[in-house]
Amino acid sequence: MSNLRALIFDVDGTLADTERDGHRVAFNQAFADAGLAWNWSPDLYGKLLEVTGGKERIQHYVNTYEPTFKSPAGDLKSFVATLHANKTEHYKKLLKDAVIPLRPGVKRLLLAAREQGLRLAIATTTTPANVTALLESSLSPDSLSWFDIIGAGDIVPKKKPASDIYQYVLEQMDWKPEECVAFEDSGQGLKSSLGAGLKTVITLNDYTRSHDFTGAAFVLSSFGEPDQPFEAIAGDVGNATYFDLPLIQAL
Ligand code: XBP
Ligand code: MG
């Protein structure tokens, strides 16, 4: 890729393992505040992750596991929206109280890209405030400014696996898909990025290990570090033991 211009990152599961000990916990705290006896275990949460977006996930949970549930106030859609707004508050507080570290190699890769003058972007289904909270607590207080654009949450009508959020980022920045690479951790994310015509690198995690990653340029256990080698599940990484910009350029 001699014309490489920008790297576009998913957030949850890619930059940091935020789902099990971050989002899931915040959902449960919001349920408890609302007096609901719902509690999402790590296993159940793995199943619920099939549906991207927190509001959509709660709605899916109600439809599937609590079909007789009646909203105590207003219609279900607005009840879910209120519940979800409180979940976001819990998530932000959680990240303030205990930092969720970035995954191996993430900071190294971002710094290398900046040094080489590559542009950075975010394409995620999560709420914008969650992205700010994670970047400021886990990367650096000024790190929002490292990214030219943060495409997040309800800014597009359809969340991943639809390709809307990647298309939004490309359109806003006037970037061509062949000038960019996407970084994802899940099958839904991959579908979204491939749908926008982007070469995609996958770093999988415990929740996404069994997803279908057909079409990914690389499938890796993580980006790895010089002293913490990655495992390459798919894609020709040559002699590399950690992910770095030359591997992208070789694509
Ligand atoms: C992952 C998600 C998100 C979070 C919750 O997003 O599906 O919905 O679990 O976020 P991605 P909200 O991998 O695209 O970063 O509750 O703020 O919707
Ligand atoms: Mg993800």
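What you see is a predicted model; the values in this text were computed from it and never measured. (Residues numbered from 1 in each chain as written. Chains lettered and ligands numbered in written order. Predicted model: local features only at pLDDT ≥ 70, side-chain atom pairs only at ≥ 80, totals over all residues. Heavy atoms only, no water.)

### Brief notes about the coordination of the magnesium ion (ligand 2)
- Protein-derived coordination of the magnesium ion (ligand 2) comes from D10 (OD), D12 (O) and D185 (OD), at a distance range of 2.1 to 2.2 Å.
- The sequence pattern describing where the donors of the magnesium ion (ligand 2) fall on their chain is D-x1-D-x172-D. For the residue pair D10 and D12, the accessibility class agrees, reading buried in each case. (Donors = N, O, S within 2.8 Å, 3.2 Å for Na, K, Ca; no water. Buried < 20%, exposed > 50% of the residue type's maximum accessible area, 1.4 Å probe, protein only.)

### Observations concerning the site of ligand 1
- In the vicinity of ligand 1, 19 residues are found, and the nearest of them are G54, R57, K87, T124 and T127.
- Contacts to ligand 1 include G53, whose backbone N or O atom sits 2.9 Å from an oxygen atom.
- Here an oxygen atom of ligand 1 and a backbone polar atom of G54 are 2.6 Å apart.
- In isolation ligand 1 exposes 460 Å². Once the protein is present, 96% of that is buried.
- At the level of elements, α1 (19–33), α3 (54–65) and α4 (76–97) are the ones that each hand at least two residues to the shell around ligand 1.
- The element best represented in the shell around ligand 1 is α1, accounting for 3 residues.
- Each residue belonging to the shell around ligand 1 can be placed in one class, and the counts come to 3 nonpolar, 10 polar and 6 charged.
- Lining the shell around ligand 1 are residues from two domains, each supplying at least three of them: domain 1 (6–18 + 100–249) and domain 2 (19–97). (Near = heavy atom within 4 Å. Polar contact = N/O pair within 3.5 Å; in protein donor to acceptor, adjacent residues only side chain to side chain. Areas by Shrake-Rupley, 256 points an atom, 1.4 Å probe, with all protein chains shown as cover. Helix = DSSP H or I, 4+ residues; strand = E, 2+ residues; numbered from the N terminus. Nonpolar A, V, L, I, M, F, W, Y, C, P; charged D, E, K, R; others polar. Domains from an automatic or database assignment.)

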